Amino acid sequence: MPSHHHHLHAPLRPTASSSSSSTQSFTSKLLLLLTLLPLTLAALAFVLQWRGGVTDPTTRWAPPGSEKLFPGMDASPISAVSHSSHSDCVKLGRSASPSFPYYHDWKFDYGSNLKPKICITTSTSAGLEQILPWMFYHKVLGVTTFFLFVEGKAASPDVSKVLESIPGVKVIYRTRELEEKQAKSRIWNETWLSSFFYKPCNYELFVKQSLNMEMAIVMARDAGMDWILHLDTDELIHPAGAREYSLRQLLLDVPKNVDMVIFPNYESSVERDDIKEPFTEVSMFKRNYDHLPKDTYFGMYKDSTRGNPNYFLTYGNGKSAARIQDHLRPNGAHRWHNYMKTPNEIKLEEAAVLHYTYAKFSDLTSRRDRCGCKPTREDVKRCFMLEFDRSAFMIAATATEGEMMNWLIWKSLKADVAESEETVIIQGLRESGVFSSVIASAPSTVSKEKFLSTIDSSNSSRAVASESLPSRKLGRNRRNQATVRKVLSIDSAAFQEAAIPPLSPPAMDGDHFTMEA
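Residues numbered from 1 in each chain as written. Predicted model: local features only at pLDDT ≥ 70, side-chain atom pairs only at ≥ 80, totals over all residues. Heavy atoms only, no water.

Draft legend 1. Structural context of the overall build of the protein. Looking only at helices and strands, one finds 17 helices and 18 strands in the protein. Burial status across the protein gives 54% buried among its 517 residues. For the protein, the exposed area adds up to about 23,500 Å²; of that, 55% sits on carbon and sulfur atoms. (Helix = DSSP H or I, 4+ residues; strand = E, 2+ residues; numbered from the N terminus. Buried < 20%, exposed > 50% of the residue type's maximum accessible area, 1.4 Å probe, protein only. Areas by Shrake-Rupley, 256 points an atom, 1.4 Å probe, with all protein chains shown as cover.)

Draft legend 2. Spotlight on the nonpolar core. Among the nonpolar cores identified, the biggest contains 63 residues, and Trp134, Met135, Leu163, Leu247, Val261 and Phe263 are the most heavily contacted of them. Residues in contact with phenylalanine 263, not counting those within four places in the same chain, are Leu229, Ile237, Leu247, Leu250, Gly318, Lys319, Ser320, Ala321, Leu348, Ala351, Ala352 and Val353. Counting 18 residues, the second-largest nonpolar core is a separate cluster that includes Ala216, Met219, Met225 and Ala322. (Core = buried A, V, L, I, M, F, W, Y, C linked by side-chain atoms within 4.5 Å. Contact = heavy atoms within 4.5 Å.)

Draft legend 3. Up close: the packing of aromatic side chains. Inspection of every chain in the model, using the stated rule, returns 10 aromatic pairs. Consider the rings of phenylalanine 279 and tyrosine 356, whose centres lie 4.9 Å apart with planes at 85 degrees: the pair is edge-to-face. One end of the pair, phenylalanine 279, is in helix H8 (residues 278-281); the other, tyrosine 356, is in the loop between strand S14 (352-355) and helix H11 (361-370), with 77 residues separating them in the sequence. By relative accessible area, phenylalanine 279 is classed as buried at 9%. (Phe/Tyr/Trp six-rings, centres within 6.5 Å; stacked < 30°, edge-to-face > 60°.)

Draft legend 4. Local environment of the packing of helix H3 (residues 128-140) against helix H15 (residues 423-431). Here H3 crosses H15 at 110 degrees, and the two axes come no closer than 10 Å. Relative to H15, the element H3 lies roughly perpendicular. Side by side, H3 and H15 meet where Pro133, Phe136, Tyr137 and Val140 of the first sit next to Ile425, Ile426, Leu429 and Arg430 of the second. (Axes fitted to C-alpha atoms, helices over the stretch in contact; angles between N-to-C directions. Parallel < 35°, antiparallel > 145°, perpendicular 65-115°, else oblique.)

Draft legend 5. Seen up close, the state of the cysteines. Taken as a whole, this structure holds two disulfides when the rule is applied. Across the disulfide from cysteine 373 sits cysteine 383; the S-S distance is 1.5 Å. Here the S-S torsion is close to -100 degrees, and the disulfide linking cysteine 373 with cysteine 383 is therefore left-handed. Remark: cysteine 383 occurs in helix H12 (residues 377-383) and cysteine 373 occurs in the loop between H11 and H12; sequence separation between them is 10 residues. Taking the relative accessible area as the measure of exposure, cysteine 373 reaches 11% and is therefore buried. Relative accessible area serves as the criterion here: at 0%, cysteine 383 is assigned to the buried category. (Disulfide = S-S within 2.5 Å.)

Draft legend 6. Region of the structure containing the packing of H11 against helix H13 (residues 387-398). At a minimum axis distance of 9 Å, the contact between H11 and H13 shows a crossing angle of 85 degrees. Taken together, the axes of H11 and H13 are roughly perpendicular relative to one another. Residues Leu364, Arg367 and Arg368 of H11 touch H13, and the partners they reach there are Asp389, Ala392, Phe393, Ala396 and Ala397. Residue composition of the contact of H11 with H13, by class: five nonpolar, no polar and three charged. (Nonpolar A, V, L, I, M, F, W, Y, C, P; charged D, E, K, R; others polar.)

Draft legend 7. Examining the side chain of arginine 390 more closely. Within the secondary structure, arginine 390 sits in helix H13. Arginine 390 sits in the buried class, given a relative accessible area of 13%. Other than its neighbours up to four places away in sequence, arginine 390 contacts Tyr203, Arg377, Val380, Lys381, Phe384 and Met385.

Draft legend 8. Helix H5 (residues 176-183), seen in detail. Listing the buried residues of H5 in full gives Leu178, Gln182 and Ala183. Down the axis, H5 shows its buried residues gathered within 135 degrees of arc, on one side only. On the buried face of H5, the contacting elements are strand S4 (169-173) and helix H6 (202-222). (Arc of directions from axis to C-beta.)

Draft legend 9. Local environment of unusual backbone geometry. A cis amide bond, omega -10 degrees, links lysine 115 with the succeeding residue proline 116. For proline 116, the location among the structural elements is in the loop between strand S1 (91-92) and strand S2 (118-124). Located in the positive-phi region is tyrosine 198, a residue other than glycine, with phi close to 60 degrees. Within the secondary structure, tyrosine 198 sits in the loop between H5 and H6.

Draft legend 10. Spatial organisation of the pairing of strand S7 (residues 260-263). Judged by which residues are buried, S7 turns out to be covered on both faces: Met260 and Ile262 on one side and Val261 and Phe263 on the other are all buried. Here S7 pairs with strand S10 (residues 319-323) via four bridges, running antiparallel. Counterpart to isoleucine 262 in the pairing with S10 is serine 320. Taken together, the three bridges between S7 and strand S13 (residues 345-348) define a ladder with parallel strand orientation. Residue pairing for S13: valine 261 is matched across the bridge by isoleucine 346. (Pairing = 2+ DSSP bridges.)

Worth remembering: the numbers are spatial, not functional.
Take a look at the structure:
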């Protein structure tokens with residue numbers, strides 16, 4: 001019986017073992033499948049994203065169909081191009097490597113840990129069609145705060161309500177209160193700016209810019225900023241030479257002992273007579289004298305100027321960024337200075353300011369319309385600092401529209417220019433709906449809060465003069481790695497006795513070259 005019992009149950013043992021083994025095998029395969037499936041899907045999604053099969057939210061700033069992504073990145077767009085003795089042409093290159101600090105929200109809320117903190121101040125009368133692309137382009141580069149001194153169209157309710165609704169933007173209106181405060185400012189009662197007082201048009205603008213910069217220094221310090229730049233709304237920073245296409249990264253690499261960084265400017269060249277949006281339609285720029293081999297500049301000077309007063313139509317001495325510190329002051333619209341020391345400055349070899357000057361036909365006529373000068377040689381010298389501006393005003397005041405157009409195109413086109421593909425960022429911002437979103441989200445009414453109340457009148461950069469001093473009105477009524485590669489020069493220049501005005505590059509006088517002092 002035991003034997004029979006043994007034979008009876010013997011076949012049952014292997015059957016149970018087989019069933020258990022089969023269950024374990026199925027479980028193992030299921031776990032393997034569940035593990036591999038998400039990995040496979042993730043790999044497939046990654047391949048589709050970078051081959052264009054799926055829209056990646058991080059690439060939504062790039063225009064549809066663009067394979068260029070963003071310029072700059074791994075190699076410097078300018079330094080990667082060797083200087084040629086045959087041309088001053090350079091392509092502001094691009095890279096397919098997307099090492100770009102993408103930002104997804106149009107509010108650009110960076111957080112408090114972004115260093116260094118950078119602000120831009122400007123004096124403008126432009127509309128939203130110019131201010132918004134200019135502002136958000138620089139937000140993409142890492143600028144956190146904007147101090148906008150507005151008048152004209154920029155101060156109108158439809159424009160200012162939008163500007164005031166944007167995080168990080170402070171709007172300061174040109175009011176009687178503002179003028180009274182500036183009439184008591186330190187620089188208004190000093191001599192270094194006084195040669196520009198009581199003159200119309202460009203001189204008046206230059207004084208306004210300097211006074212506004214003085215106030216912006218105080219606001220920047222109170223806001224905890226590390227760097228401040230003064231730019232016009234027709235200028236874009238091109239931060240070539242940084243490890244990413246970022247002004248923040250560029251300034252982060254600046255040595256701690258440097259007080260001021262100079263960006264040589266590139267000047268746009270008129271390509272067509274129907275330009276409407278210069279930031280996205282203009283792509284050709286003349287490279288600055290400081291970024292050209294001198295034999296190239298001098299050798300091609302006559303061919304490049306084509307009868308103009310200079311190689312550049314307007315200024316050629318760049319713009320600058322200053323480190324926020326005690327006793328900082330402006331030194332005109334192009335430079336900064338310090339009351340207690342001579343600033344230690346560097347001039348960048350790769351980064352530049354792109355200046356979109358006379359890019360539209362309306363740029364020619366607007367100068368005529370906003371300046372109450374007579375079209376005579378004597379009067380235009382009183383109104384404009386640069387010779388081309390004087391000539392442009394004379395043409396705009398005396399010629400027909402057709403004659404003005406032909407004159408501007410002929411005067412502006414050059415044989416040798418630098419080609420820019422900077423427009424990809426602004427095109428991407430526009431196509432992603434950033435500008436329409438900020439306009440749509442603005443309040444229906446504007447509250448003109450005067451930000452002047454935040455200004456500390458005891459700031460070391462601004463001494464309030466005696467209340468008995470008259471308010472001198474403005475207006476036409478009264479007469480580390482980076483250092484070795486990017487730095488052209490480190491100066492401790494002599495103290496500037498006068499404000500630095502817009503200056504042209506070296507010019508040819510007969511067979512000799514001269515530089516403006």
